[in-house]
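Spelled out from the first residue to the last, the chains are:
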Amino acid sequence: MASSSPSGLSAHVRLVSPYQLQLASVIPKSTFVSGKCVSYPDDNDVTQGRSVFEVLSENVSTVTSSNMAVSMLGFCCCVSRHASCSLLRRARLFLTLGSKFHRSAAASSGLLLSLHKRGVLKDSFPENAAQDQLPRLLQSAPQTVYCGFDPTADSLHVGNLLAIIGLLHFRSAGHNVVALLGGATAQIGDPSGKTGERERLSADVVEENTRGIRESIQRIFINHEALFHDRSRPLGTVVVLNNRSWYKSWGVVDFLSETGRHFRMGTMLSRHSVQSRLRSADGMSLTEFTYQVFQAYDFYHLHQIYGCRIQLGGTDQLGNLMSGHEYIHKVSGEEVYGLTIPLVTSTAGDKLGKTAGNAVWLNRDKTSPFELYQFFLRQPDASVERYLKLFTFLPLGEVEKLMEQQREDPSKRLAHKRLAAEVTKLVHGKEGLESAKRCTNALYHSSVQALEQMSDEELQELFKEAPFQEMFLEPGTTVLDACRKASAIPDGPRGYRMISEGAVWINHQREDKPEQVLVPNIHILSNGLTLLRVGKKNFHIVKWLSL
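Rules used throughout
- Residues numbered from 1 in each chain as written.
- Predicted model: local features only at pLDDT ≥ 70, side-chain atom pairs only at ≥ 80, totals over all residues.
- Heavy atoms only, no water.
- Helix = DSSP H or I, 4+ residues; strand = E, 2+ residues; numbered from the N terminus.
- Buried < 20%, exposed > 50% of the residue type's maximum accessible area, 1.4 Å probe, protein only.
- Contact = heavy atoms within 4.5 Å.
- Phe/Tyr/Trp six-rings, centres within 6.5 Å; stacked < 30°, edge-to-face > 60°.
- Lys NZ or Arg CZ within 6 Å of the ring centre and 35° of its normal.
- Pairing = 2+ DSSP bridges.
- Salt bridge = Lys/Arg side-chain N within 4 Å of Asp/Glu carboxyl O.
- Right-handed = clockwise from strand over helix to strand, strands pointing away.
- pLDDT = per-residue confidence, 0-100.
- Core = buried A, V, L, I, M, F, W, Y, C linked by side-chain atoms within 4.5 Å.
- Domains from an automatic or database assignment.

(A) Region of interest: the overall build of the protein chain. What the protein chain contains, in helices and strands, is 22 helices and eleven strands. The burial tally for the protein chain puts 53% of its 547 residues in the buried class. At a minimum sequence separation of 6, the contacts of the protein chain that also span at least 24 residues come to 75%.

In structure tokens:
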């Protein structure tokens, strides 16, 4: 991910060309030694040559006593300070730098106010400074904003989409954004909002998950730029990074010596995510307890290298945002800010996510465009206006008009359809939206034309439980032959009666003549497919091959 210039640093973020993302890292090359930490000649400790997150994730995940956590961190923080961070400070690169803040009457009525009106932003930290200084900072010059995504699964889900939308709003306003993949922190495990410790992930699984999440983020940014962005306004840059690129060079002693001395146990123990877990039966492992240190250092690193002063995160991330703010303020004396995004919940009030078991995924191989479209189409009336403001880029005035039209004729469900279309287009592009509409027409409107336009992939996505078979089309093949070969009906007289009694449908048309020879464009669609339905819900898909 890192590409180095002769000076040891990569050439930095520039305005990306349309439909492209720049993947960059600016870690000083001299801090890497074959992906291991730098060790000294007289070091014989077991941590020599091992990265900090490898040691923490492997060796201390079973420590659950808060007393043990306090003792270990207190001991490690006595180690001498490592010099590598000074190298990062000397290599500090700012994408944007405002020489001073400019007071303006319009400062408080810009981007932040718009996002608050839409409901995209919930809280800010530190509260007073963010309300007073942050609007002026955003007015003064383009800023850098980041949000982190731990690859604990191979796809992001709808619960993560709002964070990406937050980044997109900042980018549309001309600010630079960083999507940070937690290739290191995924092996630590964020305890925020969790009742138990995450299952430990291997490095190979995390790497595979990282690829899937990177694909999600890249696709959404590309779709937004192509389909939603007002081209009369300049876009900020977007960079996708992996925090493993800077942690793999750290040893556990060096890392804790450098960062640990700036964290206070009382403050760390007071975090809500820590308190709730310490009161639980299983307690909290030292690995999870240190997560806030890693997220704080991520913010510090991005602040030093990219001039990042704003972090976005879910409301359950407030404690981690506070840790980052406090750490940066102690080390550099500079002010940074945290902005929280509301958590997306189900109609029952449950957080949407993989842990809750109700995730709607953003990658097509896990949730098809049709399923994503239907998820938003089926939202209750009470949620649709809020979701239009949160998940789409429609002007608020247009949202109000849509809701007026919806109230005038609720049966048309115009607001629901627009919500589903806008989100599906953002996540899967125009083709994804067209696919979702074809599937909807084929399934719910019995459209033969939609069936003919569907690909094999779309049919299998639409009828996930339906058997898919390829069969040779022999001359004289009858309806009875096709149904038996597809195992859609039982052999013998019972299967024959099922057809003659009208229990079989072919391409949405009832077929009650078992001896009827299959007719092209009626029983076999122009795309070579036949959709069999027996009863109400038993579907079979046949792909016909010519002899």
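(B) How the structure looks around the packing of aromatic side chains. Throughout the structure, instances matching the rule amount to 15 aromatic pairs. Measuring from ring centre to ring centre gives 5.0 Å for F375 and F376, while their planes differ by 85°; the resulting arrangement is edge-to-face. By way of ring pairs, the aromatic residues W246, Y247, W250, F294, Y297, Y300 and Y327 are connected into one cluster. The ring of W361 has K366 lying over it, and the distance from NZ or CZ to the ring centre is 4.5 Å.

(C) Here's a closer look at the sheet that holds strand 7 (residues 468-473). Sheet architecture is open: five strands sit in the order 7-11-10-8-9, paired in mixed fashion. Looking along the sheet, the strands with just one partner apiece sit at the ends: strand 7 and strand 9 (509-510). Direction of pairing for strand 8 (residues 504-506) relative to strand 9: antiparallel, over a ladder of two bridges. Paired with I506 across the strands is Q509, a residue of strand 9.

(D) Representation of the pattern of salt bridges within the structure. Taken as a whole and assessed by the stated rule, the structure comprises 16 salt bridges. The salt bridge involving R211 is made with E207; its shortest N-O contact spans 3.7 Å. One end of the pair, R211, and the other, E207, are both in helix 7 (residues 203-227), four residues apart, so they sit about a helical turn from each other. The class of R211 is partly exposed, set by a relative accessible area of 48%. For E207, a relative accessible area of 47% corresponds to the partly exposed category. In this structure, E215 engages R219 in a salt bridge whose closest nitrogen and oxygen atoms are separated by 3.0 Å. Residue E215 and its partner R219 are located together in helix 7, separated by four residues, close to a single helical turn.

(E) A look at the pairing of strand 3 (residues 176-181). For strand 3, the buried fraction is high: six of the six residues fall into the buried class. Where burial is concerned, the two faces of strand 3 agree: the one with N176, V178 and L180 and the one with V177, A179 and L181 are both buried. Two elements, strand 2 (residues 144-149) and strand 3, share six bridges in a ladder whose sense is parallel. In the strand pairing of strand 3, V145 is matched with V177. As a crossover connection, the stretch from strand 2 through helix 6 (residues 158-172) into strand 3 is right-handed. Inspection of the sheet shows strand 3 paired to strand 4 (residues 238-242) by five bridges, in the parallel sense.

(F) Here's a closer look at the confidence of the model for the protein chain. Residues at a pLDDT of 70 or more form 75% of the protein chain, whose mean pLDDT is 78. Across residues 1-50, confidence stays below pLDDT 50; counting only partners more than four residues off in sequence or on other chains, it has 110 contacts. The low-confidence segment residues 59-109, where pLDDT is below 50, has 105 contacts with residues more than four positions distant or belonging to other chains.

(G) Spotlight on the nonpolar core. Membership of the largest hydrophobic core comes to 63 residues, with the highest contact counts inside it found for F149, F170, I217, F376 and F391. Lining this core are residues from two domains, each supplying at least three of them: domain 1 (111-341) and domain 2 (368-459). Excluding residues that lie within four positions of it along the chain, I217 makes contacts with F149, L156, I164, A179, L181 and V240. Of all hydrophobic cores here, the second largest spans 33 residues; its members include V239, W246, Y247 and F255.

(H) Structural context of the sheet that holds strand 1 (residues 124-125). The six strands are arranged 1-6-5-2-3-4 in an open sheet whose pairing can be described as mixed. Either end of the sheet is taken by a strand with one partner, and the two such strands are strand 1 and strand 4. Where strand 5 (residues 308-314) and strand 6 (residues 337-341) come together, five bridges link them in parallel fashion. Paired with I310 across the bridge in strand 6 is Y337.

(I) Spotlight on the side chain of K425. Here K425 lies in helix 18 (residues 414-444). With residues up to four places along the chain from it excluded, the contact list for K425 reads N223, L227, F228, K430 and L433.

(J) Just unusual backbone geometry, in detail. Following F125, the chain continues into P126 via a peptide bond in cis, with omega recorded as -15°. With respect to the helices and strands, the residue P126 is situated in the loop between strand 1 and helix 5 (127-140). Non-glycine residue R413 carries a positive phi angle of around 50°. Position of R413 among the secondary structure elements: in the loop between helix 17 (396-408) and helix 18. Located in the positive-phi region is H508, a residue other than glycine, with phi close to 70°. Within the secondary structure, H508 sits in the loop between strand 8 and strand 9. Judged by its relative accessible area of 14%, H508 is buried.

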